[in-house]
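Working through the structure, step by step
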Amino acid sequence: MFRCPCGCGEVISLPMQPPHNPRWRLSLSATGRATLSPSVWRNKGCMSHFWISDGRVYWTRDTGTEPWMARPDMYSKRA
């Protein structure tokens, strides 16, 4: 669990164990910095979409857009 890096204050909890799909993988660099994959795309609140690689947050261009609007081929709107 970690706070959203956008500053909205929401706590993000990601499943990391099978049988969850999707599930995220966390690895640490030699200096102890985290890499998380795949990307995180919040489907409520701030709609942040980002990657974490070697301890740095990389924002995608579609941050702030609902996943089902930006990628209707991959996501459906939740009821």
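The structure we're discussing is the one just above.
Now for a description of the structure that goes with this document. Fair warning: this is a prediction, and the values are worked out from it, not measured in the lab. Within any chain, residue numbers begin from 1 and follow the written order of that chain's sequence. Only residues with pLDDT of at least 70 are given local features in this predicted model, and only at 80 or more are side-chain atom pairs given and counted; all residues enter the totals for whole chains, interfaces and linings. Only hydrogens and water are set aside when side-chain values are computed; all heavy atoms of the structure are taken into account.

Now for the pattern of salt bridges. Salt bridges are counted wherever a side-chain nitrogen of Lys or Arg sits within 4 Å of a carboxyl oxygen of Asp or Glu. Taken as a whole and judged by the stated rule, the model has 1 salt bridge. A salt bridge links arginine 71 to aspartate 73, with the shortest nitrogen-to-oxygen separation between them at 2.7 Å.

Take the sheet that holds strand β6 (residues 56–59) next. Within the open sheet, the 4 strands sit side by side as β3-β4-β5-β6. Their pairing is antiparallel. The strands lining the two open edges of the sheet, one partner per strand, are β3 (25–28) and β6. Neighbouring strand axes in the sheet, compared pairwise and without regard to direction, differ in orientation by 25 degrees on average. Of the pairings in the sheet, the one linking strand β5 (residues 49–53) to β6 comprises 4 bridges and is antiparallel in character. Bridge pairing links phenylalanine 50 to tryptophan 59 in β6. The pairing criterion for strands is at least two bridges between them, as found by DSSP. Only runs of H or I of at least four residues qualify as helices and only runs of E of at least two qualify as strands under DSSP, and these elements are numbered from the N terminus. Here the axes come from fitting lines to C-alpha atoms, over the contacting stretch only for helices, and the angles between their N-to-C directions go from 0 to 180 degrees.

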